[in-house]
Every structure is written in C-alpha cells, then in structure tokens.
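Each chain, letter by letter, is given below.
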Amino acid sequence: MAINLQKGQRENINAPKFTIGLGWDTNNSSTGTSFDLDASAFIVGANGKILSDAHFIFYNNLKAPDESVIHTGDNLTGDGDGDDEQIKIDLTKIDSAVQEICIVVTIHDAQGRKQNFGQVRNSFIRIVDDSNNTEMVKYELEEDFSIETAVEFGRIYNKDGQWKFEAMGVGMKGGLEDYLNKYN
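Residues numbered from 1 in each chain as written. Predicted model: local features only at pLDDT ≥ 70, side-chain atom pairs only at ≥ 80, totals over all residues. Heavy atoms only, no water.

1. Some details on the sheet that holds strand β8 (residues 100-107)
Note: strands within a sheet are paired through backbone hydrogen bonds, in either parallel or antiparallel orientation.
Part 1 of the argument: Judged by pairing direction, the sheet is antiparallel, and its six strands sit side by side in the order β2-β12-β11-β8-β4-β5 without closing on themselves. The open sheet has two free edges, formed respectively by β2 (10-12) and β5 (56-57), since each of these has just one partner strand.
Part 2 of the argument: Across seven bridges, β8 lies against strand β11 (residues 150-159) in antiparallel orientation. Counted as the bridge partner of C102 is R155 from β11. (Pairing = 2+ DSSP bridges. Helix = DSSP H or I, 4+ residues; strand = E, 2+ residues; numbered from the N terminus.)

Below you can see the structure in the form of structure tokens.
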C-alpha cells in the first residue's frame, strides 16, 4: 500500500527502477483557453546545478545521456484519469555524479494564456515500482498556488548511498525560466 506523504516528508525508495507519475485537473472555463502543463526533470550534481544541458529532461529532450531518466512524452491536454505525464527512472544506469533529480511542472505559455496553478486542482506526484507496478508513495498538492506558474512537486535525492523522495510543493511565479536559472 502506498504511503501518502505530506509536504516536506521524505521516504526511502527501495526500487532500482520506478516511474514518476504526475497528474492534475484544470479549470479551462476560468480562462477560456485549454491548459498545457509540462513535467520536467533537472538532473543535478553535488553543486546543485544540472550536470549539462542534456541533463535537463523535458518534452524536447526526452532522455538523459545515460538513459537513466526518460520522459514518456508531452500530454497537451491533461484530459482523463490517472497520470498525465510520466518520467521513468533507472537507478542502475544513473551517473555517479548525480545527487538529485528535481521534478517540476510548469504551465506552457502561462503569461500569454493568463493561467496559474490556482486554476489547477487534484495535482499529485506518485512513484510506482516498475518490478511489480505497485505505488510506493504519493503526494497530493493541497496548496493554492494562485500566482505561481511552476511548481516543484518533489525531488529524488541520494543520501549516503540511499535514494529517497521528498515531497516539495514549492511554487515559483516566473515559470520554467525561474527553475532554469536556479539549476543552471
């Protein structure tokens, strides 16, 4: 049975291969324009910066150089139940320089479309063990991000050789650019 996490809570990941599922519902009627939310992964080293441009995983760069992190593709609408986007992680392939993988969701063209995470509901991040398709942890974002256009849902990090997940739920109003500045 999955462990439901609260913001800031951490849990060990005891699976070498797993899938990060991200989901959300949007209120399209509030802006009259459909939403396009995008999941990204920042693969960072001990200095807190991405290892290279190729270690920024998103809809235009779906695979890390060592294929330890693979984005399964962009969902342009977020319609339907379950995961809207997924990122697969294989810790057996991960570069030893990697210290954490930060998972961020942004709203595409948020400023132009006058959209923010205050118009997004039922957001979650979950981790599923690929060996048995069992959900290990889940974090449901409950905050009202009324001005933010990007949210760091969670991070996978290495602490003394043990990989862990931390439920983050931290928003930024500058969109993807704020996270690119943070991790570059």
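2. Thoughts on the pattern of salt bridges
Part 1 of the argument: In total, this model carries eight salt bridges according to the counting rule given.
Part 2 of the argument: For R126, the salt bridge identified is with D83, shortest N-O distance 2.8 Å. Here R126, found in strand β9 (residues 120-129), pairs with D83, found in the loop between β6 (69-71) and β7 (85-90); they are 43 residues apart in sequence, far enough to count as distant.
Part 3 of the argument: Measuring nitrogen to oxygen at the nearest pair gives 3.4 Å for the salt bridge that ties E152 to K182. With a gap of 30 residues between them, E152 in strand β11 and K182 in helix α2 (residues 176-183) connect regions that are remote in the sequence. (Salt bridge = Lys/Arg side-chain N within 4 Å of Asp/Glu carboxyl O.)

3. Concerning the pairing of β7
Part 1 of the argument: In the sheet, strand β3 (residues 17-26) pairs with β7 via six bridges, with the strands oriented antiparallel. Bridging across to β7, I20 finds its partner in I87.
Part 2 of the argument: Where β6 meets β7, three bridges bridge the pair, whose relative direction is antiparallel. Pairing of V69 across the sheet is with I89, part of β7.

4. Describing the side chain of K138
Part 1 of the argument: Position of K138 relative to the elements: it lies in strand β10 (residues 134-140).
Part 2 of the argument: When sequence neighbours within four positions are dropped, the list of residues in contact with K138 reads I3, N4, L5, F124, I125 and R126. (Contact = heavy atoms within 4.5 Å.)

5. Brief notes about the environment of E177
Part 1 of the argument: As for its position among the elements, E177 is in helix α2.
Part 2 of the argument: A relative accessible area of 55% means that E177 is categorised as exposed.
Part 3 of the argument: Sequence separation between E177 and V120 is 57 residues, and the spatial gap between their C-alpha atoms is 20 Å. (Buried < 20%, exposed > 50% of the residue type's maximum accessible area, 1.4 Å probe, protein only.)

Function cannot be inferred from these measures alone, as they are strictly geometric.
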